[in-house]
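Overview (structure and organization)
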Amino acid sequence: MKKVPKILVVGSFIMDLISTTEKVPNEGETIIGLSFSTAPGGKGANQAVQASLLGADVTMVGKIGNDMFGNELVKSAQKAGVKTQYVIKDEKHASGIGNISLEIKEGEKAKNRILLIPGANMSLTVKDVEFLQEKISEYDFVMLQLEIPIEVNEAIISYAVQRGVPVMLNSAPSRDLPEDLLNKLTYISPNEHEAFDLTGIKINEKDNCIDLESVKSVASKLMERGVGTVIITLGSKGAALMNKDKFIYQPCIDIVKVIDPTAAGDSFLGAFSTAVASGMPEEEALEFASFTATVTVSRMGAQPSLPTREEVLDLIKRTKR
């Protein structure tokens, strides 16, 4: 890295409850599964942990319940080096949880289905984050997601714009977003489903390949609504970046067996944000993020699967020999 970036993440803490099965049950059907485990997660915490493991100086703001899961979630972030002094314990609401069904079939890539119960994450208020109005200028980059109240995101974005700090919004889970929020964003990063919900434009495939013209149409629509740079994650088909100066398509680094794709998007965005905040050009940052996500999907769990900088650089070195 050209410099160690200071990154602020305001977002969610979620304890993932992971059930693996060969077949997801239909309505009224009972299936004997394969295994059960828990793993610290949440889009905000995952992205914060990934950025920290890659060498960034990361501070996390969010809310947990005063319970066992909340304590474990904070400890996991701290173990990765994330600063958690601004994490609030809520006495009225339980920590957020995610019920994850992971379908594993021989010869196929693992598929996940997630039911999110946000809990204390949705009790985070604008008043809780008002202190950042002045403090936000200490950071090089801000990362946000939609697992906390939209008004909190709007406040943080406003603070960042006032102080000239770049903002990345991972627009997940999917929801409509107001124009006065979109036109303040440096980056927005939906997946193809969230991009459709925001624009009404479907990203198509031809012969099992992404139709890049439809990707450009989606990105153009979001840029017309005021976003500076659009990054669309496309799962196993890779990712694309577009702004007024360029369009970059980054294919998936498909060199590992996919064990669990749960945190792939968070890993990708944590890596990309760290890279650009450290001064790396966007095209290189996109490739670096893709290698990072590749390591992640080869492991089980959300935060337990996130790689260190050394692990990512080692994979890049081995792949490019």
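In what follows, the accompanying structure is described. (Residues numbered from 1 in each chain as written. Predicted model: local features only at pLDDT ≥ 70, side-chain atom pairs only at ≥ 80, totals over all residues. Heavy atoms only, no water.)

To continue, consider the pattern of salt bridges. Enumeration over the complete set of coordinates arrives at 16 salt bridges. The partner of Glu29 in a salt bridge is Lys23, with the nearest N and O atoms 3.0 Å apart. Residue Glu29 is classed as partly exposed on the basis of its relative accessible area, which comes to 31%. With a relative accessible area of 34%, Lys23 lands in the partly exposed category. Here Lys43 and Asp266 are joined by a salt bridge, their closest N and O atoms 3.9 Å apart. On the criterion of sequence distance, the pair formed by Lys43 in helix 1 (residues 43-53) and Asp266 in helix 9 (residues 264-277) is long-range, its members being 223 residues apart. Here the residues in one salt-bridge network are Glu103, Lys105 and Arg113, joined through shared partners. (Salt bridge = Lys/Arg side-chain N within 4 Å of Asp/Glu carboxyl O. Buried < 20%, exposed > 50% of the residue type's maximum accessible area, 1.4 Å probe, protein only. Helix = DSSP H or I, 4+ residues; strand = E, 2+ residues; numbered from the N terminus.)

It is worth spelling out a nonpolar patch on the surface at this point. On the surface, Leu34, Ile104 and Met300 cluster together into a nonpolar patch covering about 240 Å² of accessible area. Within the element layout of this structure, Leu34 appears in the loop between strand 2 (14-21) and strand 3 (35-41). (Patch = residues over 30% accessible without salt bridge, like charges linked within 9 Å, V, L, I, M, F, W, Y side chains within 5 Å. Areas by Shrake-Rupley, 256 points an atom, 1.4 Å probe, with all protein chains shown as cover.)

Scanning the model with the defined rule gives three aromatic pairs in all. Pairing Phe141 with Tyr187 gives two aromatic rings, centres 6.1 Å apart and planes at 40°, and the pair type is tilted. In this pair, Phe141 sits in strand 8 (residues 141-144) while Tyr187 sits in strand 10 (residues 187-188), placing the two residues 46 residues apart along the sequence. Side by side, Phe141 and Tyr187 carry an identical accessibility label, which is buried. (Phe/Tyr/Trp six-rings, centres within 6.5 Å; stacked < 30°, edge-to-face > 60°.)

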